[in-house]
Amino acid sequence: MKLNNNTAKALKADFPIFRHNLGLVYLDNAATSQKPSSVINAVKEFSERDNANVGRGVYSLAARAMKKYEQARKAVANFIGALPEEIIFTKNTTESLNLLAYTLSQTIEKGKEIAVTEMEHHSNIVPWQQLAKRNRFKLKFVKITKDFTLDMNDLKVKLNDKTAVFAFTYASNVLGTINPVAEIVKFAKSKNVITVIDAAQAIQHLSVNVKEIGCDFLAFSSHKMLGPNGIGVLYGRKELLEKLEPFGFGGGMIETVSPDSATWAKIPEKFEAGTQNIAGAVGLTEAINHIKKIGPNEIADWEEKLKDYVLKRLNEISNIKIYHPEQNSAPIISFNLPGIHPHDVASMLDQKKIAVRAGHMCAMPLMEVLNAKGGVCRASLSFYNTFEDIDALVDSLKEIQQKFNKI
Amino acid sequence: MEEEIPSDMYKEHILELYKSPSNFGILKNPSYKHTSYNSVCGDEVTVNLLVKEGVVKDVKFSGSGCVISLVATSLLTNKIKSMKVSEVKKIRPEEVLELLKIKLNLARVKCALLGFEAVKGALK
């Protein structure tokens, strides 16, 4: 189905939040997406009809729960072009990256370097930064250009024979910039660098295929792609996952245990210690179904139109500063009205039921590079947004600017 | 409890104070000085206090911030000028929020209390 303003309105009706908050203009989809009824009901129905622990019981109810949980793994694998055993369920992107950094660091030789980029979210900086400190690795930052894209020349200097890991974002949560992931991975591979991709802001906007990208690891969260909170994914290449040590120890991840030693289960169970978020996994399956039903390509096309419209209309505002690249971007647009603090802009928009994010966006190093110390305002779109949502935003921004100009 | 959208946080008395805040600046020889940070947006407020014989003789604040943090700190510094340090230490967060005479949601309470935290930090 081709999406347009009318179909977007119809798709919005699938999301109960808009029924319970009449007039809500939700433009904070990069923080978390809203949940359609199908996802909410899938979680509820699982809890009502199929709930049991998985990987433990032999009774039929447990087998049913197990089946649903493993179906979720298959659905995720299929969605990103991976094998089911390459999918590890975690709490969210942040946990995926932390666990990975923790276990990967045990395999890195002293004196090696880890590289990230200036456009990373804190969750793809701090885990590496702290491990670098603890293990005396050097942490390097690949620069961004003044056009808000990754500086590929700098990348080719920073990634070299000393680099062990390069962790970078697929799409920036501030700039919206979509990085040329396949090209980056190809170059990193030529230097024998392990590649880790933070896909938290890409997975809901474009088709992600790990085999086409060729990356070693990729992480994302369910809650930003219509799914429930509290479940995330870490994809890892099978041969690497098999070699890595587990992140956590306990039930479900062992093969045998004696009083003084233990052996590990096969992947992916090796990395899933303790009872998992089973209902969350079931909800994630439904979120994937929902996206597939609408069509990832149709979503991308419509969001591109919405993004062009928001950029066109924002540019009507005099002196506005927009932090967004010319091309290859997700519908995530950060901006500032000069002389007005982003928090004040967001609070004044809130009074008109318009939800945008304001602040440093968990990207303080990037704010420094952008010379936006007080932070930025961010409007981030989803396929259920409409032209009317964008008009409400821009018209209100104009009013805010007038109000401040008067004082 | 449901978080209501505040009616109007940007009333005239607030914007007036934002335009010309009291006590904005720094002191040459402060007895105490402290900077507080808002981890949500990276804002900072620095408070300078001149204390003689247990009384706040002068107070100034500086930093970058939103309307709410700037106005709240301005009102707070007015309040504590000439107050005994022992009394300043007893001020509760609710009293600072009352100074604003507007309703804030939970997210913005942090902004309103940034200067208060700096004062507390300075007198610790």
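So, here is what we can say about the structure in this document. Bear in mind that the values here come from a model prediction, so they are computed numbers and not experimental data. (Residues numbered from 1 in each chain as written. Chains lettered and ligands numbered in written order. Predicted model: local features only at pLDDT ≥ 70, side-chain atom pairs only at ≥ 80, totals over all residues. Heavy atoms only, no water.)

1. A short note on the overall build of chain A
Counting secondary structure elements, chain A contains 15 helices and 15 strands. Compactness check: chain A gives a C-alpha radius of gyration of 22 Å against a globular reference of 22 Å for 407 residues, within 12% of the reference. Over its C-alpha atoms, taken along the principal directions, chain A stretches across nearly 75 × 55 × 35 Å. Across the 407 residues in chain A, those meeting the buried criterion constitute 57%. A separation of at least 24 residues holds for 71% of the contacts in chain A among residues at least 6 apart in sequence. (Helix = DSSP H or I, 4+ residues; strand = E, 2+ residues; numbered from the N terminus. Rg over C-alpha atoms; globule rule 2.2 N^0.38 Å. Buried < 20%, exposed > 50% of the residue type's maximum accessible area, 1.4 Å probe, protein only. Contact = heavy atoms within 4.5 Å.)

2. Points about the environment of Phe387 of chain A
Residues and elements named next belong to chain A. Relative to the assigned elements, Phe387 resides in helix H15 (residues 387-406). Along the chain, Phe387 and Glu255 lie 132 residues apart, while their C-alpha atoms are 55 Å from each other. Once residues within four sequence positions are removed from consideration, Phe387 is found in contact with Asn5, Trp302, Lys305, Leu306 and Tyr309.

3. Topic: helix H2 (residues 67-80) of chain B
Residue and element names in this part refer to chain B. Compared with an ideal rise of 1.5 Å per residue, which puts 14 residues at 20 Å, H2 spans 20 Å between its outermost C-alpha atoms and is within 8% of the ideal. The buried count for H2 comes to 12 of 14 residues, which makes it a mostly enclosed element. Within the span of H2, buried status applies to Val67, Ile68, Ser69, Leu70, Val71, Ala72, Thr73, Ser74, Leu75, Leu76, Thr77 and Ile80. Directly after H2, the chain includes Ser82, whose backbone phi takes a positive value near 75°. (Expected span 1.5 Å × (residues − 1).)

4. Here's the deal with the interface of chain A and chain B
Taken together, the 18 residues of chain A in the interface contact 23 residues of chain B. Contact between chain A and chain B buries roughly 1700 Å² in total, counting both sides, with carbon and sulfur atoms accounting for 54%. Sorting the residues of chain A by area buried against chain B places His343, Gln351 and Ile407 of chain A first, and these three jointly supply 32% of that buried surface. The salt bridge partner of Lys373 of chain A is Glu44 of chain B, with a shortest N-O separation of 3.1 Å. Where chain A touches chain B, the interface holds 9 residue pairs in polar contact (both at pLDDT 80 or more). If you list the elements that add at least two residues to the side of chain A that touches chain B, you get helix H13 (342-350) and H15 of chain A. Of the residues forming the side of chain A that touches chain B, the biggest block, 5 residues, is contributed by H13 of chain A. (Buried area = accessible area lost by both parts, 1.4 Å probe. Salt bridge = Lys/Arg side-chain N within 4 Å of Asp/Glu carboxyl O. Polar contact = N/O pair within 3.5 Å; in protein donor to acceptor, adjacent residues only side chain to side chain.)

5. Brief notes about the pairing of strand E7 (residues 217-221) of chain A
All names here are of chain A. In terms of burial, E7 is a largely internal element, 5 of the 5 residues being buried. In E7, alternate side chains face the same way, and those of Phe217, Ala219 and Ser221 on one face and Leu218 and Phe220 on the other are all buried. The sheet contact formed by strand E6 (residues 194-198) and E7 spans 3 bridges and is parallel. Across the sheet, Ile197 pairs through a bridge with Leu218, a residue of E7. Here 5 bridges tie E7 to strand E8 (residues 232-236), and the two strands are oriented antiparallel to one another. Residue pairing for E8: Ser221 is matched across the bridge by Gly232. (Pairing = 2+ DSSP bridges.)

6. Side note on the pattern of salt bridges
Residues and elements named next belong to chain A. One pass over the full model with this rule turns up 30 salt bridges over all chains. As a salt-bridge pair, Glu48 and Lys44 come within 3.2 Å of each other at their nearest N and O atoms. Of this pair, Glu48 and Lys44 both sit in helix H3 (residues 37-50), 4 residues apart, which is roughly one turn of the helix. Since its relative accessible area comes to 53%, Glu48 is described here as exposed. Ionic pairing is found between Glu113 and Lys140, a salt bridge with its closest N-O pair at 3.3 Å. Taken together, the positions of Glu113 in strand E3 (residues 113-117) and Lys140 in strand E4 (residues 138-142) put the pair 27 residues apart, joining distant regions of the chain. Counted as one network, the salt bridges with shared partners bring together Arg313, Glu316, Asp391, Asp395 and Lys398.

7. A look at the packing of aromatic side chains
All names here are of chain A. Counting across every chain of the model gives 13 aromatic pairs over all chains. For the ring pair Phe15 and Tyr384, a centre distance of 4.5 Å and an interplane angle of 55° mean the geometry is tilted. Within this pair, whereas Phe15 is found in the loop between helix H1 (5-12) and helix H2 (17-20), its partner Tyr384 is found in the loop between strand E15 (376-380) and H15, the two being separated by 369 residues in sequence. On the basis of relative accessible area, Tyr384 is assigned to the buried category, the value being 0%. Centre to centre, the rings of Phe249 and Trp264 are 5.3 Å apart; their planes meet at 35°, and the pair counts as tilted. (Phe/Tyr/Trp six-rings, centres within 6.5 Å; stacked < 30°, edge-to-face > 60°.)

8. Things to note about empty space enclosed by the protein
Residues and elements named next belong to chain A. Under the defined criterion, the tally for this structure stands at 2 cavities of 30 Å³ or more. Estimated volume of the largest cavity: approximately 80 Å³. Taken together, Asn29, Ser33, Gln204, His205, Lys224, Leu226, Ile291, Ile299, Glu303, Leu381, Ser382 and Phe383 make up the lining of the largest cavity. Here the lining of the largest cavity is built from residues that sort into 5 nonpolar, 5 polar and 2 charged. Here the second largest cavity is characterised by a volume of approximately 40 Å³. As for the second largest cavity, its lining consists of Ile203, Gln204, His205, Leu206, Ser207, Ile291, Pro296 and Ile299. (1 Å grid on protein atoms, 1.4 Å probe; cavity = no way out; pocket = protein on both sides within 12 Å on 5 of 7 lines; lining within 4 Å. Points joined across faces, edges and corners; volume = space filled by probe spheres on them. Nonpolar A, V, L, I, M, F, W, Y, C, P; charged D, E, K, R; others polar.)

9. A word on unusual backbone geometry
Note: most residues except glycine have negative phi, and most peptide bonds are trans. Cis peptide bonds are those with omega within 30 degrees of zero, and the linkage from Ile267 of chain A to Pro268 of chain A qualifies with 0°. With respect to the element layout, Pro268 of chain A can be found in the loop between strand E10 (261-264) and helix H11 (278-294). Positive phi is not limited to glycine here, since Met361 of chain A has a value of about 60°. When you line up the elements, Met361 of chain A lands in the loop between strand E14 (357-359) and helix H14 (364-370). Of the residues examined, Met361 of chain A reaches a relative accessible area of 0% and is grouped as buried. The phi angle at Glu53 of chain B is positive, at roughly 50°, despite the residue not being glycine. Structurally, Glu53 of chain B is set in the loop between strand E2 (44-52) and strand E3 (55-64).

10. A word on the sheet that holds E15 of chain A
Residues and elements named next belong to chain A. What the 4 strands build is an open sheet, ordered E11-E12-E15-E14; its pairing is antiparallel. Unpaired on one side and paired on the other, strand E11 (321-323) and E14 mark the two borders of the sheet. Strand after strand, the sheet turns through a mean of 25° between neighbouring axes, direction not considered. Where E14 lies against E15, 3 bridges are found, and the strand directions are antiparallel. Each bridged residue has a counterpart across the sheet, and for Ala358 the counterpart in E15 is Cys377. Each of E11 and strand E12 (332-336) is contacted by helix H12 (residues 296-314), which is oriented at about 10° to E12, the strand it contacts most. (Axes fitted to C-alpha atoms, helices over the stretch in contact; angles between N-to-C directions.)

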